[in-house]
Amino acid sequence: MILRRRSLLRVLPALVRQFSCAEGTYDVVVVGGGHAGTEACAAAARLGRKTLLVTHKKSTIGEMSCNPSFGGVGKGHLMKEVDALDGVCSRICDLSGIHYKVLNVRKGPAVWGPRAQIDRKLYKKHLQNEIFNHTPNLEIIEAAVEDLMIHENGHCTGVVLENGDYVSSKTVVITTGTFLNGQINIGLDVRPAGRVGDEPSIGLAKTLERLKFRMGVLKTGTPPRIYRSSIDFSDCEKHLADMPPLPFSFINSQVWIKPEDQVPCYLTFTTPGVDKIVKENLHVNRHVSEEITGPRYCPSIESKILRFGNRAHQIWLEPEGLDSGLIYPAGLSCTLPEDLQSQLIRQVKGLENAVLARPGYGVQYDFVDPRELWPSLETKKIPGLFLAGQINGTTGYEEAAAQGIIAGMNAALQVLDREPFVIRRTEGYIGVLIDDLTTHGTNEPYRMFTSRAEFRVYLRPDNADIRLTKKGFDAGVVSNERMQVLQQTQSSLEYCEEVLQSVMLPPRKWKSLFKMPNSTSTASKSAFSLLADSSIKATVFQLRNLMPDELRCLDGTEAVWDRLVICSTYKHYEKMQTAEIEAIKKEQELVIPKNFDYNMPSLNLSMEEREKLAFSQPQTIAAASRIPGVTPSAVLRLMVYVKQKGHKAPVAARG
Ligand code: FAD
């Protein structure tokens, strides 16, 4: 329900409060239709809540503000987890990718990074179709939110629009990305904007300040776009997509594009000419001279040259779409004046005659210190108000989507008077992301890496459905259809594993079957454990061909068979890691002795962990595990140490 009462709001706040309780109130209002906002409103709507998305322009729903790609190492894990919870972005990427490639395949599958170049127009088209036409319980309006309605009991009860209308709601999720007090700049020119072509969000930034949220300022940037026809690709390294392309979503067996129709990307490098232009023009480059922190892991070309000069830097030439005439030069984010950007790109190999279609630019924006949030992404100060996405100090579409789905779910669950949905660090990368943010905060744009996850042997992209779909189903956010897909996959995996485990042969037999030199080992091995033997690299398909009598009964899709190889590879490690997780749970009441020395080198604790533990002096392992900034692996080492030393007395017995 939208009411035109701005004047009353200003004059009679008490009257406004009455309206917030009136019939017709929305359950969840989501502010901002970016990557966090679309997941948030879709999740709240899937939970059957009456949801409203308020965003500046319907036409920018699904806009990819920067790179035309989704996924990658760590980010691909997040996408798989969002998909496991029936989120939107992975399915849409399966309908709009034009170059699918799994990154990091030389390393183990636990750290593979599913990634795809995306056709921007197709992504928007399919996402908007999903949000506009296939999301029951969701309404969408075009408007700018300027303020929040706060009940005298402190609860957020709706939003105020710039035209004076106000919308009452039981909960509100803000996902305004880079728009809070946003300013973009090229060279020395600075103007207010959330991104090019979009107004910033000033009123809402003021509201959050007024509500005394701890805020900070961050910056990021985007490269210029170049006309494809002006590039000489013959001087660049051609990189082809995977054949066949692997879908992101667990419910898809293939992606929309024919494997052979995928388009290549090209790799090229900067030359000393780029360094020269950057170094000689620092005085006309405001973004570089400012003190504000930019993305460490996706820096501008200026920062790379200033930090690591005299080096050729990689530039990936990525297509913006199947029928787009534009190329996105990843790695060339810059904020020099436009004429200098034109000169700069021509110093890159293959771009000697390149023509700029539009210049790169920087954006500076306010964010809220994510330590203001509970792990449910509800703010600690204002019950009923949730924040998700770049507003919390992260960068990237995937990080935004991952927070969006959790914030949207929790807003809806609060309305349903149910427990918040929290993913622990031991359950998913989403848990790692949110735990890192809400316990450590961030002073630079935060992005996901596999190294942030202590339990990464278990938290793999391939098993995100097994880890999270049932949990999401129990919470009500996952459809029956997806739950059925999971059940089929699980029973197929279990059946195939059982059959493969039952076929036992001595190593020499396996070696002769695979025409390998003889082994000295004599212990029999199952066909299942053979899949983990990296010297043989057997596939289920091969095994079935070599042993038709024993393995004819194997069913399952190729995707299931590929998963079996990964399951076999990680079976042992996964068992160990699951045992560690269980051990921590079991030993919650284990007592830590008084005046425990956290500086012991054998504990291998970080300085931050040592300081926090020494300061808090937790009495038990459970208490230690709740200290923000103390990781589960640190708790595990602490637990093992304390246990070895025999400190097992119950808490009550402690002096
Ligand atoms: P966004 O996708 O920004 O969406 C915010 C939405 O909120 C928009 O639709 C906006 O119209 C709406 N909105 C804002 N205020 C209001 C309001 N008051 N009322 C109603 N609607 C409102 N990520 C990377 O990983 N690597 C990069 O190199 C990178 N570079 C970037 C460069 C630029 C210039 C920009 C702008 C972003 C860049 N990003 C980069 C970040 C990436 O685009 C974001 O992390 C991601 O889009 C954040 O998603 P979000 O949903 O939080 O916000």
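As the structure is a computational prediction, the values presented were derived from the model and not from experiment.

Caption draft 1: Molecular detail of the confidence of the model for the protein chain. The predicted model of the protein chain has a mean per-residue pLDDT of 90, with 92% of residues at 70 or higher. Confidence drops under a pLDDT of 50 for residues 5-23, and excluding neighbours within four residues, the segment shows 28 contacts in the predicted structure. Low confidence marks residues 648-655, where pLDDT is under 50. Its contacts with residues over four positions away, or in another chain, come to 14 contacts.

Caption draft 2: Here's a closer look at the packing of aromatic side chains. All chains considered together, the criterion is met by 8 aromatic pairs. With 5.2 Å between their ring centres and 40 degrees between their planes, Phe70 and Tyr397 make a pair best called tilted. With Phe70 in strand E4 (residues 69-71) and Tyr397 in helix H12 (residues 397-415), this pair connects stretches of sequence that are 327 residues apart. Each of the two residues, Phe70 as well as Tyr397, counts as buried. Relative to Tyr598, the ring of Phe596 has its centre 5.0 Å away and its plane inclined at 55 degrees; by these criteria the two rings are tilted. Looking at Phe596, the relative accessible area reads 9%, which means it is buried. Put simply, the rings of Phe70, Tyr123 and Tyr397 pair up and form one aromatic cluster. A cation sits over an aromatic face here: Lys80 above Phe250, 4.6 Å from the ring centre. The ring centre of Tyr446 lies 4.0 Å from the NZ or CZ of Arg452, which sits over that ring.

Caption draft 3: The site of the ligand, seen in detail. Around the ligand lies a shell of 34 residues, among which Ala36, Val145, Ser201, Gln390 and Gly396 are the nearest. At 2.8 Å from a nitrogen atom of the ligand is found a side-chain nitrogen or oxygen belonging to Ser201. The contact in question runs from an oxygen atom of the ligand to an N or O atom on the backbone of Gly396, over 2.7 Å. Within the complex, the protein chains bury 97% of what would otherwise be the 980 Å² of accessible surface of the ligand. Of all elements in the fold, only helix H3 (35-46), strand E3 (51-55), strand E13 (215-222), strand E20 (361-368) and H12 reach the threshold of two or more residues within the shell around the ligand. The element that contributes the greatest number of residues to the shell around the ligand is E13, accounting for 3 residues. Its residues assigned to classes, the shell around the ligand shows 13 nonpolar, 19 polar and 2 charged.

Caption draft 4: Looking closely at the pattern of salt bridges. This model, assessed by the stated rule, comprises 36 salt bridges. Two residues, Lys170 and Asp27, come together in a salt bridge whose shortest N-O distance is 3.1 Å. Taken together, the positions of Lys170 in strand E10 (residues 165-174) and Asp27 in strand E2 (residues 26-31) put the pair 143 residues apart, joining distant regions of the chain. For Lys170, a relative accessible area of 41% corresponds to the partly exposed category. Given the relative accessible area of 7%, Asp27 is considered buried. Within the structure, one salt-bridge network assembled from shared partners comprises Arg425, Asp435, Asp436 and Glu454.

Quick notes on the rules
Residues numbered from 1 in each chain as written. Predicted model: local features only at pLDDT ≥ 70, side-chain atom pairs only at ≥ 80, totals over all residues. Heavy atoms only, no water. pLDDT = per-residue confidence, 0-100. Contact = heavy atoms within 4.5 Å. Phe/Tyr/Trp six-rings, centres within 6.5 Å; stacked < 30°, edge-to-face > 60°. Helix = DSSP H or I, 4+ residues; strand = E, 2+ residues; numbered from the N terminus. Buried < 20%, exposed > 50% of the residue type's maximum accessible area, 1.4 Å probe, protein only. Lys NZ or Arg CZ within 6 Å of the ring centre and 35° of its normal. Near = heavy atom within 4 Å. Polar contact = N/O pair within 3.5 Å; in protein donor to acceptor, adjacent residues only side chain to side chain. Areas by Shrake-Rupley, 256 points an atom, 1.4 Å probe, with all protein chains shown as cover. Nonpolar A, V, L, I, M, F, W, Y, C, P; charged D, E, K, R; others polar. Salt bridge = Lys/Arg side-chain N within 4 Å of Asp/Glu carboxyl O.

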